[in-house]
Each structure stands twice: as structure tokens, then as C-alpha cells.
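One-letter residues, chain by chain:
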Amino acid sequence: MATKITLDKMEKNAKQGKIGKISKKAGDSVKKGEKLLQVESVKGNTIIKSKVEGTIKEFMVSEGDKVKIGDTLLEIE
Amino acid sequence: MKSNKQINFYVESGNLDPWFNLSVEEYLAETIEPNQMMLYLWQNKDTVVIGSNQNPWKECSIQNMKADEVSLARRLSGGGAVYHDTGNLNFTFITGKELYNLEKQLEVIVRGVNSFGLNAQFSGRNDILLEGKKFSGNAYFFGDTSSYHHGTILINADMNRLSNYLNPSKQKISSKGIDSVKSRVVNLQSVCPEITVKKMKTALKDAFRQVYGDFEACSHFEALEDAHPDILKLYEKHSSWQWLYGESPSFDAYFEDSFDWGEIQIGLNLVDARIENAKVYSDALNTGFAGKLTKALLGKRFATEELRLTIQSIEASQEEKKILQDIALMKELNPLG
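Residues numbered from 1 in each chain as written. Chains lettered and ligands numbered in written order. Predicted model: local features only at pLDDT ≥ 70, side-chain atom pairs only at ≥ 80, totals over all residues. Heavy atoms only, no water.

**Considerations on the packing of helix α10 (residues 288–297) of chain B against helix α12 (residues 318–328) of chain B**
All names here are of chain B. One can describe the packing of α10 onto α12 by two numbers: an axis separation of 10 Å at closest approach and a directional angle of 50 degrees. One finds that α10 runs oblique with respect to α12. The chirality of how α10 crosses α12 is right-handed. Facing α10, whose interface residues are G288, F289, K292 and L293, α12 presents E320, I323, L324 and I327. Class assignment of the residues belonging to the contact of α10 with α12 gives a composition of 5 nonpolar, 1 polar and 2 charged. (Axes fitted to C-alpha atoms, helices over the stretch in contact; angles between N-to-C directions. Helix = DSSP H or I, 4+ residues; strand = E, 2+ residues; numbered from the N terminus. Parallel < 35°, antiparallel > 145°, perpendicular 65-115°, else oblique. Left-handed = near helix turned anticlockwise from the far one by under 90°. Contact = heavy atoms within 4.5 Å. Nonpolar A, V, L, I, M, F, W, Y, C, P; charged D, E, K, R; others polar.)

What follows is the structure in C-alpha cells.
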């Protein structure tokens, strides 16, 4: 079953941010704790790491996209 | 059992190499305990430091930097490009996640600066200002277990050099990353001549003690060869092409030039600073080279020497070779780094 990785919370209660560097692509296998992408807000840069092990099914966002809390970033299966 | 009591550390680097200093910073952030708070002071010799999600080709003039031996560095925090020299003092507050408190950290800086009789204030937009002009830019990084807040303090930096290296006039790059914002800046020494880097370090240490209490221990980093193996490993990363250039978010680049055989336009899509797509347009009578050039460019790094050698080693007819040689030596390809 695919696991959706959503933007649950941003540091220091930032409301929105911009997708920075995406370190992986669809089809890549990832381990728990591996770096997936960065989200940058005016409050700072946050690294989003994988909470599960699996293969990246799809990225719902691209570098430079604006995102807000609750947005789905990618799916891992 | 570990104590929950907050432990304060003072860390200083005596090395002016930006890659070393950023490696130490990252090492400290990776190894800090939840109850620890560090004040780390460091200086870089002539360097442009870009934000984590920035593109060096867009933000700085790599050609001017190379000519003047100015280093390029990429930090982990967000925000825009800044120029550092030894007239600038950098500070970093590295903390366990729970201890991170921006207001309190800023209070240390503002208190330290105001101990010279000044009236500095945080702008709310990541800058600390004096009479409306910025002397300190701040940026933030949030890891899994630790966070850091770092910033610059302009004391007597060379403001004239700044514009030589930041914001290149030729905008041939459209990046998906973060753009820099130009600010009106001021050196503290121009307002208060008694301020020196040395005095500022002492003032910041005193202010830190007033806000957080005394330091439990102090450490000093100096020589790369004496550094912990983990710092050496981080240094390899910070000094690598892959980190400095390859970590740029995807971007597009465009070049054009005209020669006696015709005009050429090259459009590139870059991912991890490697050419993912290339489009070559030319009004030359001989167009055979265009397909060969497109094919040869795919997958190559966006780096001057590599592209030049790639273009020069394409198998082609004598006439095409001459055209390709002109393209390889195109002026616009020179600043690529």
C-alpha cells in the first residue's frame, strides 16, 4: 500500500513554503531516514526525510512549487 | 542518566576556509545533544555563500570570483546569497530542537551590538538593522534533532567588492530555486569606529552569558588536518562540485552567439546541474552539427571545461569541426565554473 508523505507541519509555524532541492525521483528506492527533499519558508530550510522504506511511486510537487500545510508531497510504496 | 540541565558551549574557528567552517557547523549540528546550546563564531576569507536552494550561476558571477580567487560555498540554511570577507563576523546558534528560541538568540546579537552604545533592532524579516540599514542577515536550518540559526555581522567588510560577485547582470538562467533579495547594508564600524571583530566577539560572548548563563566549555577549531574524521568527510562534500553546483534545483539555461557561418542558440534543461534536455537552433547552411551537438551534450555537467572538451571531441566533418570549435570557445560558456 502506498504511503502518502504530506507536509504535516512547518518549522516555527510557517504557513507556506517553496519546494527546494528534490534529492530523489520516481522509481528510486529509499530507506527510512533518507533525505527526500527540502522545503524552504521565510522561517528557514527544512529537510524532509523518509519515514518508511520503499520505492517512490510519484512526486506530487516539483522544485519551485509553492506548498502549504496538508499538501501531499509524494507517495512511497 | 543524562541530565536535562542546559549546557552552554562556546566554539570558535581560527580557520578562514569557508568549506572548513561550514563543515564544523554541520558536524556540531549533527552531534549536539538535546540539552546543549552552542555559540559558534567564525569568519571566512573572500567567499560568496549561497542558500541551500539556490543556483550559483544565477546568484553570482563565477567568472569574476575565479579571477579574484573568491570561493563559492553552499550552506544548509535557506535564504539568499551573501559575500563574506574578514571584515564580517559570522555567528551560529546550534541547539537541540527543544532549546531553539529565535527571539532569545537574537537578543544575544542585539545586546552584543548595543553594548557599544548603538540601537540595533531585528527587522522581523530576518535582518538586524541599524538606522534602517542591514548589518546582519540571518538564516535558519532545521534538522531532525537539532536546529541552527546563523548570521553575518558586517563590521568593516569591503562593500565595493560585494557587487562584483553578486547578482550577475546577464540573466541567462531561469531557476526553480530561491532568489536573493538586495538590501541596503551598513558596516558597524562606519557608525561606531571603535568596533572591531575582536571586540565584537567579546561583546557577543558577554551577551550570551547574560542571556543564557556561563559557558561550560570552550573549543577551538583550526587546522583541517587535526579535525575529526567526520569533519573531513563533511569537508569533502562542502568542497565538491556536486554540492556547490549539483545541488542546485532544476533550471534552464540559454546561450546565443553569432559567427561568420551563422547564428546559434542553445537551450538547456538542467537537473542536478546535468544536461537533461538540449535544443540547438542555428541558421547555418550546414546544420549537420546541430544533431551531433545535442546528442553529445546530454548528461554532461554544466561546467566549462567538460562542455568544451565534449564539444571539441565530437566526430564530425572538417566544416562541422570548425563550427563546433567556435561553439566550444563561445564567450558565454566561459563563466560556467
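Having seen the structure, we can now continue with the description.
**Digging into the interface of chain B and chain A**
Facing 22 residues of chain B, the contacting portion of chain A comprises 18 residues. Both sides of the chain B and chain A interface together cover about 1600 Å² of buried area, and 43% of this is carbon and sulfur. Linking chain B to chain A there are 3 salt bridges. The residue D144 of chain B makes a salt bridge to K49 of chain A at a minimum N-O spacing of 3.2 Å. Counting the contacts that link chain B with chain A gives 17 residue pairs in polar contact (both at pLDDT 80 or more). Per element, the largest residue contribution to the side of chain B that touches chain A is 3 residues, and it comes from strand β9 (residues 133–142) of chain B. Class assignment of the residues belonging to the side of chain B that touches chain A gives a composition of 7 nonpolar, 10 polar and 5 charged. The pairing of strand β5 (residues 44–49) of chain A with β9 of chain B spans 2 bridges and is classified as parallel. (Buried area = accessible area lost by both parts, 1.4 Å probe. Salt bridge = Lys/Arg side-chain N within 4 Å of Asp/Glu carboxyl O. Polar contact = N/O pair within 3.5 Å; in protein donor to acceptor, adjacent residues only side chain to side chain. Pairing = 2+ DSSP bridges.)

**Structural notes on the pattern of salt bridges**
Residues and elements named next belong to chain B. On inspection of all chains with the given rule, the structure shows 22 salt bridges over all chains. A salt bridge links D127 to K134; its shortest N-O distance comes to 3.4 Å. When salt bridges with common partners are traced through the structure, they connect D206, R209 and D214 into a single cluster.

**Notes on the domain arrangement of chain B**
All names here are of chain B. Parsing chain B into structural domains produces domain 1 (7–244) and domain 2 (253–328). Taking only C-alpha atoms into account, the centre of domain 1 sits 39 Å from that of domain 2. Facing the 4 residues of domain 1 at the interface are 8 residues of domain 2. Taken together, the two surfaces of domain 1 and domain 2 that pack against each other cover about 640 Å², and 64% of this comes from carbon and sulfur. Among the residues domain 1 hides against domain 2, the three largest losses belong to W57, K172 and W241. Together they make up 80% of the total. Across the contact surface, domain 1 and domain 2 share 0 salt bridges. Our count for the domain 1 to domain 2 interface comes out at 0 residue pairs in polar contact (both at pLDDT 80 or more). Within the side of domain 1 that touches domain 2, the residues separate by chemical class into 3 nonpolar, no polar and 1 charged. (Domains from an automatic or database assignment.)

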